[in-house]
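Per-entry structural report
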Amino acid sequence: MASVLSPTRWLHLATTALLLTTNPAASFSTTPPQNSNNNNRCTTTSLSVASTPPSTTTPYDTVKVDLSSGRDYPIYIGSDFTDTEAATLIRKHIHGKRVLLITNDRIAPLYLERYQQLLSDNSVDDKELVVDTVVLPDGEENKTYDVMAMVLDKALGLGLDRKSTFVALGGGVIGDMVGFASAVYQRGVNFVQIPTTVMAMVDSSVGGKTGVNHSLGKNMIGAFHQPQCVFIDTNTLNTLPDRELKSGISEVVKYGLIRDAPFFEWQEENMTKLLERDPEATRYAIRRSCENKADVVQADELEAGVRATLNLGHTFGHAIENGSGYGTWLHGEGVSIGTAMAATMSEKMGWIDEGLKQRIYDILESADLPVKLPRDSPMKVETFNKLMSLDKKVADGQLRLILLQGELGNCKFTGEFDTGALQETIEEFVKEIEA
């Protein structure tokens, strides 16, 4: 497991974050935690409630996201939760009397009724809750302000007040939109994340980054707004299509590349188990990813420095998603190609060796993820350059990238890179289309 940052290490990261706030052209390098056996952040618990016999209590893991001003929150990770167990964990993070449960039209037939009922179950705490629902259209192409406004319309129509809680049930698109809606509704209401995809479980549900897409850029309209808790029942992955499972694995690979070399090596040995949905391997990968994400969010909640390293491959990947038309690629597929591009550029600059670049290509391909653009891709050199210039990490007109440097598990967030290597990389990937 990823180690908790030491006071000295945290001070270094905080100082660097401050530097990047005042000097956008500054570079940031990260050295990963190497102790994979640290148990300070994660605890394993057996949930016992009065109405559930001890013989049926369900073990689960809790990863804590440490934030300032009493905003800490838990990530619960388990499987086979009974309705009573799930209700006990989630309802204690709901402080008002009204809940708005939001999902999409793919998840609704599978899980909406169950979660509406368990959230309404006052037998676990004698707290009367009224739970209303909203069902949004599914898909990245529907991650828009207009679709998100359907949540606000429903909340206003119901007369929900500031003590209400929004609950996001679904993948990254739902979590991002519901989080944004909760951030802006009456200037902020509480919300809870119940992710149902690997992508959302290991990345987007944790850390409070919320938002919607714009025709000129992905996630360009949004806010930082932390949830009250994240509830992960890995059983929901049983209904996840294989393509979406693989897409989420790209974010798992990322953690090993940027800061957790032992985790990357574990993935090299266990990728087949992840693809086969082995319960133990899946739960471990989710927990380890959440520990890494929690450490980074604690050090840099508002993405002034070290948190930007979580976007390895994303600048290239977001350009691919947007330039190809939202919905053509799943987010993790775009990130996979983007990670291959970042590795290629890093190798061209001499920042990593050929062997590490090949390992990166190998692990992505072992997860059946794309590492190049298809023949029918509309991406051109000009498309990449235009869309990447609109990336959120651009500061004072200067593009900043997350690149790999040194041994496995190290990366650098910087605006100081060889622009020739960047153009060579883009041209190389585009030529594969034209060949």
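Everything quoted here is computed from the prediction, not taken from an experiment.

**A look at the overall build of the protein chain**
- Secondary structure assignment for the protein chain yields 14 helices and 13 strands.
- Counting over 435 residues, the protein chain shows a buried share of 60%.

**Some points on unusual backbone geometry**
- In the Ramachandran plot, Ser 69 falls in the positive-phi region, its phi being about 60° despite a non-glycine side chain.
- Assignment of secondary structure puts Ser 69 in the loop between strand 3 (59-65) and strand 4 (73-78).
- Positive phi, close to 60°, is recorded for Asp 80, a residue that is not glycine.

**Examining helix 9 (residues 279-299)**
- Its 21 residues give helix 9 an end-to-end C-alpha distance of 31 Å, which sits within 8% of 30 Å, the value for a rise of 1.5 Å per residue.
- With respect to burial, helix 9 is a largely interior element, 18 of its 21 residues being buried.

**Let's talk about the nonpolar core**
- Ranked by internal contacts, the top residues of the largest apolar core, which has 82 residues, are Ile 75, Met 345, Phe 384, Met 388, Leu 422 and Ile 426.
- No other element matches the nine residues that helix 9 contributes to this core.
- Among the nonpolar cores identified, the runner-up in size contains 25 residues, and Val 99, Ile 107, Ala 108 and Val 131 belong to it.

**Quick word on the pattern of salt bridges**
- Taken as a whole and assessed by the stated rule, the structure comprises 27 salt bridges.
- Across the pair Glu 428 and Lys 348 runs a salt bridge whose closest N-O atoms are separated by 2.9 Å. Pair noted here: Glu 428 is in helix 14 (residues 419-434) and Lys 348 is in helix 11 (residues 331-348), with a separation of 80 residues, a long-range link.
- For Lys 357, the salt bridge goes to Glu 354, with nearest N and O atoms at 3.7 Å. In this pair, Lys 357 and Glu 354 are both assigned in helix 12 (residues 354-366), three residues apart and thus about one turn of the helix distant.
- On the basis of relative accessibility, which here comes to 39%, the residue Glu 354 falls in the partly exposed class.
- In this structure, a network of salt bridges that share partners links the residues Asp 203, Glu 251, Lys 254 and Lys 293.

**Here's the deal with the pairing of strand 8 (residues 190-195)**
- In terms of burial, strand 8 is largely enclosed, as five of its six residues are buried.
- Here strand 7 (residues 165-170) pairs with strand 8 via six bridges, running parallel. Across the sheet, residue Leu 169 finds its bridge partner in strand 8, namely Ile 194.
- Following the backbone out of strand 7, through helix 5 (residues 172-184) and into the adjacent parallel strand 8, one traces a crossover that is right-handed.

**Section: helix 8 (residues 261-275)**
- Compared with an ideal rise of 1.5 Å per residue, which puts 15 residues at 21 Å, helix 8 spans 20 Å between its outermost C-alpha atoms and is within 8% of the ideal.
- Of all the bends in helix 8, the greatest measures close to 65° and is centred on Glu 269.
- Turning to helix 8, its buried residues are Ala 261, Phe 263, Phe 264, Trp 266, Gln 267, Asn 270, Met 271 and Leu 274.
- Contact partners of the buried residues in helix 8: helix 7 (242-258), helix 9 and helix 12.
- Of the residues flanking the end of helix 8, it is Arg 277, one or two places downstream, whose phi is positive at about 65°.

**A few points about the packing of helix 2 (residues 83-91) against helix 3 (residues 108-120)**
- One can describe the packing of helix 2 onto helix 3 by two numbers: an axis separation of 9 Å at closest approach and a directional angle of 65°. In terms of axis orientation, helix 2 runs roughly perpendicular to helix 3. Here the hand of the crossing between helix 2 and helix 3 comes out right-handed. Of helix 3, the residues touching helix 2 (which contributes Asp 83, Ala 86, Ala 87, Ile 90 and Arg 91) are Arg 114, Tyr 115, Leu 118, Leu 119 and Ser 120.
- Taken together, the residues of the contact of helix 2 with helix 3 break down into six nonpolar, one polar and three charged.

Criteria and thresholds
Residues numbered from 1 in each chain as written. Predicted model: local features only at pLDDT ≥ 70, side-chain atom pairs only at ≥ 80, totals over all residues. Heavy atoms only, no water. Helix = DSSP H or I, 4+ residues; strand = E, 2+ residues; numbered from the N terminus. Buried < 20%, exposed > 50% of the residue type's maximum accessible area, 1.4 Å probe, protein only. Expected span 1.5 Å × (residues − 1). Core = buried A, V, L, I, M, F, W, Y, C linked by side-chain atoms within 4.5 Å. Salt bridge = Lys/Arg side-chain N within 4 Å of Asp/Glu carboxyl O. Pairing = 2+ DSSP bridges. Right-handed = clockwise from strand over helix to strand, strands pointing away. Bend = angle between axes of the 7 residues up to and from the residue. Contact = heavy atoms within 4.5 Å. Axes fitted to C-alpha atoms, helices over the stretch in contact; angles between N-to-C directions. Parallel < 35°, antiparallel > 145°, perpendicular 65-115°, else oblique. Left-handed = near helix turned anticlockwise from the far one by under 90°. Nonpolar A, V, L, I, M, F, W, Y, C, P; charged D, E, K, R; others polar.

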